[in-house]
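Chain by chain, the residues run as shown.
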Amino acid sequence: MNIILLGPPGAGKGTQARMLTDDFGLVQLSTGDLLRAAVAAGSEVGKKAKAVMAAGELVSDEIVIGVVADRLDEPDTKAGVIFDGFPRTAAQARALDRLLAEKGLTLDAVVAMDVDDDLLVDRVAGRFTCAACGEGYHDTHKRPVREGICDNCGATEFKRRADDNAETVRSRLTAYHADTAPLIGYYTGTGKLKTVDGMADIDEVAGAIRDVLA
Ligand code: AP5
């Protein structure tokens, strides 16, 4: 099964993708994570992406499509992929159609996560993750069960993303509405679009996604 999680910054794409990988044995392909890894590694892709990401703008289609194509060449993706944060433009959507067709694969569903803009700034500003395993948390909505200790791996170091500030979130929302939200129409036309209420609590959203995928 190959699915896309489509939604604005802070909609919960990464949170739900991690839960779905556990349940369905799929691989999470997050272009944000791949680009942040490239920035941390200081690769050519990372050098080009760094300032663009810090400004909350979209990295070029050429770079992002190249990163996704390389990741899809890795054998673990044969198990099925959850695309998290990709595609984000019409050109990326067409490229994904082509990449999947070249591999004889199909797109099974596109899950659009609907969340009001005014909730998103709070979600993004309150986000932190385990530095060891990447498990996601929130200052108020999802704290570790034991304070300061990751529920998933027991690590005690946490980190916050450099682009998780109110100003950059507004740029990311502008980019979402200009370039990514129109993909809802594109995927409605394919008959694959399923919409869930992303404003419910995390477990309710997870249940709604399982229902639309059943
Ligand atoms: P990326 O890393 O993809 O960031 P994003 O799309 O802005 O999404 P986020 O990771 O901020 O949010 P999310 O939906 O995953 O929410 P999360 O689950 O963490 O991209 C970063 C940058 O990389 C972009 O700005 C761009 O520059 C570049 N980039 C990446 N892909 C690109 C592409 N394809 N093309 C061009 N450029 C690209 O949840 C957020 C918080 O809310 C967490 O704290 C979580 O615990 C909490 N939460 C989640 N669900 C709920 C809920 N239901 N109720 C309450 N709290 C919740």
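In this text the structure is predicted, and so the values were computed from the model without any measurement. (Residues numbered from 1 in each chain as written. Predicted model: local features only at pLDDT ≥ 70, side-chain atom pairs only at ≥ 80, totals over all residues. Heavy atoms only, no water.)

**Observations regarding the overall build of the protein chain**
As a reminder, the rule being used: Numbering of helices and strands runs from the N terminus, with a helix taken as a DSSP run of H or I at least four residues long and a strand as a DSSP run of E at least two residues long. Computation of the radius of gyration draws on C-alpha atoms, with the globule rule given as 2.2 Å multiplied by the number of residues to the power 0.38. Buried, partly exposed and exposed residues are distinguished by accessible area as a fraction of the type maximum, computed with a 1.4 Å probe on protein chains only: under 20%, between the cut-offs, and over 50%, respectively. Two residues form a contact once any of their heavy atoms are found within 4.5 Å. All accessible areas in this document rest on Shrake-Rupley with a 1.4 Å probe, and a residue is counted as covered only by the protein chains that are shown.
Each helix and strand counted, the protein chain has 9 helices and 8 strands in total. By the compact-globule yardstick of 17 Å for 214 residues, the protein chain fits well, its C-alpha radius of gyration being 16 Å. For the protein chain, the C-alpha atoms occupy an extent of roughly 45 × 40 × 35 Å along the three principal directions. When each of the 214 residues of the protein chain is scored for burial, the buried share is 42%. Long-range contacts, defined here as pairs at least 24 residues apart, represent 68% of the contacts in the protein chain between residues at least 6 apart. As displayed, the protein chain has an accessible area near 10,500 Å², and 52% of this comes from carbon and sulfur atoms.

**Some details on the pattern of salt bridges**
Convention followed: Salt bridges are defined by distance alone: a side-chain nitrogen of Lys or Arg within 4 Å of a carboxyl oxygen of Asp or Glu.
Using the criterion set out here, one finds 16 salt bridges in the structure. Here Lys47 and Glu44 are joined by a salt bridge, their closest N and O atoms 3.4 Å apart. With Lys47 and Glu44 both in helix H3 (residues 44–54) and 3 residues apart, the pair spans about one turn of that helix. For Lys47, a relative accessible area of 56% corresponds to the exposed category. With a relative accessible area of 52%, Glu44 lands in the exposed category. A salt bridge links Lys103 to Asp73; its shortest N-O distance comes to 2.9 Å. A residue pair is termed long-range when its members are at least 10 positions apart, and Lys103 in the loop between helix H5 (90–102) and strand E4 (109–114) and Asp73 in the loop between helix H4 (61–72) and strand E3 (81–84) qualify at 30 residues. Residue Lys103 is classed as partly exposed on the basis of its relative accessible area of 35%.

**Some words on the state of the cysteines**
In protein chemistry, a disulfide is the covalent bond that joins the sulfur atoms of two cysteines. Inclusion rule: The disulfide criterion used throughout: a pair of cysteine sulfur atoms within 2.5 Å.
Overall, the coordinates contain 0 disulfides when judged by the stated rule. No disulfide involves Cys133; its sulfur sits 3.7 Å from that of Cys150, the nearest cysteine. The exposure class of Cys133 is partly exposed, given its relative accessible area of 24%. The class of Cys150 is buried, set by a relative accessible area of 1%.

**Some words on the packing of helix H2 (residues 31–41) against H4**
The condition that has to hold: Lines fitted to the C-alpha atoms define the axes, with helices restricted to the stretch that makes contact. Angles between their N-to-C directions range from 0 to 180 degrees. Oblique is the label for every angle not falling under 35 degrees (roughly parallel), over 145 degrees (roughly antiparallel), or within 65 to 115 degrees (roughly perpendicular). Under the convention adopted here, Pro, Cys and the residues Ala, Val, Leu, Ile, Met, Phe, Trp and Tyr are nonpolar, Asp, Glu, Lys and Arg are charged, and Gly plus all remaining residues are polar.
At their nearest, the axes of H2 and H4 sit 10 Å apart, and the two run at 100° to each other. Judged on the interaxial angle alone, H4 and H2 are roughly perpendicular. On H4, the residues that touch Thr31, Leu34 and Leu35 of H2 are Ile63, Val64, Val67, Val68 and Arg71. Looking at the contact of H2 with H4 residue by residue, the classes come out as 6 nonpolar, 1 polar and 1 charged.

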